[in-house]
Amino acid sequence: MRSTFLTLGRITYWLAWPLFKVYLGRSIRSRIVIVHKHKVLLIKSWISPGWWELPGGGLHRNEDARIGVCRETYEETGLTLQPADLKDHGTAEFNTYGHHYPYHIFSIQLRKEPAVRLRWYEIAEASWQDIKELDLSTLGPDAATAITRVSGALGVRVLQ
């Protein structure tokens, strides 16, 4: 049943692609690399091309990027993060499938692995994956860029 919904989500993504292009083209977004013992939290949305992503999303008008990524992380995963605890890794540009937008990259290292509560109608699944064993080809381009940037700051190499 889950695979059927994921397949329908991929089809919906491609059918809605022109609308996403208009919507995303006007937004500034954020992503966060949440690390616990060299494992990173990845999520997969119902409506997506099917790759693993990082928590995060669009910022509200005039919203601080740190506050926005904390809000989005809570909405998607139920995790409460404090903006002051985030490490800023700058910005990057997403430019794939005709979508183009800037996004902020943050990270946080957690001492213990928290329980994740997914927003069931938005997020299909979540997984803690070893950052040293990640296959970047299974990640969205923005997630791959963010994880590569953050892993360098952590002194960890990811598979290319």
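Structure first, text after, so check above.
Predicted model, so just to flag it, every value in this text is computed and none were measured. (Residues numbered from 1 in each chain as written. Predicted model: local features only at pLDDT ≥ 70, side-chain atom pairs only at ≥ 80, totals over all residues. Heavy atoms only, no water.)

Bringing the side chain of Glu76 into the picture now. By the secondary structure assignment, Glu76 is in helix H3 (residues 65-77). Buried within the structure, Glu76 lacks any salt-bridge partner; Arg31 is the closest side chain of opposite charge, at an N-O distance of 6.3 Å. When sequence neighbours within four positions are dropped, the list of residues in contact with Glu76 reads Ile43, Pro55, Gly56, Arg117, Leu118, Arg119, Glu122 and Ile123. (Helix = DSSP H or I, 4+ residues; strand = E, 2+ residues; numbered from the N terminus. Buried < 20%, exposed > 50% of the residue type's maximum accessible area, 1.4 Å probe, protein only. Lys, Arg positive; Asp, Glu negative; His and termini not counted. Salt bridge = Lys/Arg side-chain N within 4 Å of Asp/Glu carboxyl O. Contact = heavy atoms within 4.5 Å.)

Turning our eyes to something else, we now look at the nonpolar core. Grouped together as the largest cluster of nonpolar side chains are 20 residues, with contacts concentrated most on Val33, Val40, Leu42, Leu54, Leu134, Leu139 and Ile147. Looking at this core, the elements that each hand over two or more residues are strand S1 (29-36), strand S2 (39-45), strand S4 (87-96), strand S5 (99-109) and helix H4 (141-154). Of all the elements, H4 adds the most residues to this core, at five residues. Aside from chain neighbours lying at most four places away, what touches Val40 is Val33, Ile34, Leu54, Ser127, Trp128, Gln129, Leu134 and Ile147. Leu41, Ala65, Phe106 and Trp128 belong to the second largest nonpolar core, which has 14 residues in total. (Core = buried A, V, L, I, M, F, W, Y, C linked by side-chain atoms within 4.5 Å.)

When a strand is regular, its side chains alternate between the sheet's two faces. In terms of burial, S2 is a largely internal element, five of the seven residues being buried. Inspection of the sheet shows S1 paired to S2 by two bridges, in the antiparallel sense. Bridging from a neighbouring strand, Val35 pairs with Val40 of S2. The hairpin turn running from S1 into S2, its antiparallel successor, is two residues long, and Lys37 in that turn takes a positive phi close to 50°. Alignment of S2 against strand S6 (residues 123-130), held across seven bridges, turns out to be antiparallel. When the sheet's bridge partners are listed, Lys44 is paired in S6 with Glu125. (Pairing = 2+ DSSP bridges.)

When the terminal C-alpha atoms of H3 are compared, their 18 Å separation across 13 residues agrees well with the 18 Å that a helix rising 1.5 Å per residue should span. What H3 keeps buried is the set Ala65, Gly68, Val69, Cys70, Arg71, Glu72, Thr73, Glu76 and Thr77. Looking one or two residues beyond H3, the residue adopting positive phi is Gly78, at roughly 80°. (Expected span 1.5 Å × (residues − 1).)

A few words now on the packing of aromatic side chains. Two descriptors summarise a pair of aromatic rings, namely the distance from one centre to the other and the angle between the planes of the rings. Taken as a whole and judged by the stated rule, the model has two aromatic pairs. Taken together, a centroid distance of 4.7 Å and an interplanar angle of 10° make the contact between Phe94 and Tyr101 stacked. Judged on exposure class, the residue Phe94 and its partner Tyr101 are both buried. Each ring, one from Tyr101 and one from Tyr103, has its centre 6.5 Å from the other, and the planes form 65°; the classification is edge-to-face. (Phe/Tyr/Trp six-rings, centres within 6.5 Å; stacked < 30°, edge-to-face > 60°.)

On to the environment of Leu79. When you line up the elements, Leu79 lands in the loop between H3 and S4. Judged by relative accessible area, which is 6%, Leu79 ranks as buried. Each C-alpha atom, one on Leu79 and one on Val116, is 6.6 Å from the other, the two residues being 37 residues apart in sequence.

What follows deals with the environment of Ala65. Along the polypeptide, Ala65 turns up in helix H3. Residues Ala65 and Phe106, spaced 41 residues apart in sequence, show a C-alpha to C-alpha distance of 9.2 Å. Leave out the neighbours within four places in its chain, and Ala65 touches Ser30, Leu59, His104 and Phe106.

The end-to-end C-alpha separation of H4 is 20 Å, in line with the 20 Å expected for 14 residues at 1.5 Å each. Those residues of H4 that fall on the buried side of the exposure criterion are Asp142, Ala143, Ala144, Ala146, Ile147, Val150 and Ser151.

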